[in-house]
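Notes for the structure review
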Amino acid sequence: MAGAVTAHLTEESAIRPKHITESLPVRIILIGIAVLFLGLVVLLPLIFVFTEALKKGWDVYAAAITDPDALSALRLTLTTALIAVPVNTIFGIAAAWAISKFAFRGKNALITLIDLPFSISPVISGLVFVLLFGAQGFIGPWLGSHGIQIVFALPGIVLATVFVTVPFVARELIPLMQAQGIAEEEAAASLGARGWQIFFRVTLPNIKWGLLYGVILCNARAMGEFGAVSVISGHIRGETNTLPLHIEILYNEYQFSAAFAVSSLLVMLAIFTLAAKSLIEWKTSGKKHSGHRQEEL
């Protein structure tokens, strides 16, 4: 059986058109350009961040990342992500399930609304929330009379973050669930399974890696959001500053070592996110490759 698989692959390689395979020099040039570009645009700035952060020694670095304002910014960043990411995960699953499994009027409009944060500047979205929930906004006076504060507080920061990160989970799941179709769900339903049983036993296992991938992207965007949060937070030091806002303040105050030290925290969070993303991609590709091999056998 293994010999048959090898023969099949050899035959497939023999009949493959030559024009889809580049020559060795061309491949070397293309790979070299990609590596050079990524080195200059991605790797070199990351090295520069850590170099500048540690330029004045470990004591200065430790003092910068343990400063009360920096710790407050870190807590606020993580708290915002811990609220915004689950909210968008639940919405993304519900929206993707509705769009891919059901036919209804307004489906294209819903897809367009999901993509809307991609086309609107985060600064504008933050300004819209200020106009809605600010003291002079549309709902602001009513909120103020009931002692509810949205703008310049955690709820406003969470709302702005939720808005800019809405598409990530949904847009990751929609094409995946559309490609899978509804055959397995219909089979489960014909066997007597109910809605939640179908979801947890059929739908969720099929989308789990795509879901985790979307959650990781959503989390990375939530922790690094600047524009919308900058508008709605009010830049209150030690209270409503997230890590990106705290870095901006330090840089504007010419505290460059401290700014780069706090930036290194975001970089490490990003590297952790990238590692998790790569692990999921590896597991996903491994499952696909295994599935293809089983089909060939």
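This one's a predicted model, so the numbers in the text were calculated from it and none came from an experiment. (Residues numbered from 1 in each chain as written. Predicted model: local features only at pLDDT ≥ 70, side-chain atom pairs only at ≥ 80, totals over all residues. Heavy atoms only, no water.)

**Some points on the side chain of His-246**
As a reminder of what qualifies: Numbering of helices and strands runs from the N terminus; a helix is a DSSP stretch of H or I covering at least four residues, while a strand is a stretch of E covering at least two. In what follows, a contact means two residues having at least one pair of non-hydrogen atoms within 4.5 Å.
With respect to the helices, strands and loops of the structure, His-246 is situated in helix 12 (residues 243-252). Other than its neighbours up to four places away in sequence, His-246 contacts Asp-69, Ala-70, Ala-73, Arg-237, Asn-241 and Val-262.

**Some points on the pattern of salt bridges**
The cut-off we apply is this: One speaks of a salt bridge when a side-chain nitrogen belonging to Lys or Arg is within 4 Å of a carboxyl oxygen belonging to Asp or Glu. Each residue gets one of three labels from its accessible area relative to the maximum for its type: buried under 20%, exposed over 50%, partly exposed in between, using a 1.4 Å probe on protein chains only.
Taken as a whole and judged by the stated rule, the model has five salt bridges. Of the charged contacts in the structure, one is a salt bridge between Lys-101 and Glu-185, with a shortest N-O distance of 3.3 Å. Residue Lys-101 is located in helix 4 (residues 68-101), and its partner Glu-185 is located in helix 9 (residues 183-190); the two are separated by 84 residues in the primary sequence. Judged by relative accessible area, which is 11%, Glu-185 ranks as buried. Several salt bridges share partner residues, and in doing so they unite Asp-69, Arg-237 and Glu-253 into one network.

**Let's talk about the confidence of the model for the protein chain**
In plain terms, the rule: Scored from 0 to 100, pLDDT records how confident the predictor is in each individual residue.
Scored by pLDDT, the protein chain comes out at a mean of 84, with 88% of its residues at no less than 70. Ranking the elements of the protein chain by mean pLDDT puts helix 1 (residues 2-15) last, at 46, and helix 4 first, at 93. Low confidence marks residues 1-16, where pLDDT is under 50. Its contacts with residues over four positions away, or in another chain, come to five contacts.

**Some remarks on the UniProt feature "transmembrane region" (unreviewed entry) in the protein chain**
Let me state the cut-off plainly: UniProt positions are given in the numbering used here, feature names are shortened, and annotations may be inferred rather than shown by experiment.
According to UniProt, the feature "transmembrane region" (unreviewed entry) maps to residues 28-50, 76-98, 110-135, 147-170, 211-236 and 256-280 in the numbering used here. For residues 147-170, the end-to-end C-alpha separation is 34 Å, with 71% helix and 0% strand making up the annotated structure. For the annotated span residues 211-236, helix accounts for 81% and strand for 0% of the residues, and the straight-line distance between the end C-alpha atoms is 35 Å.

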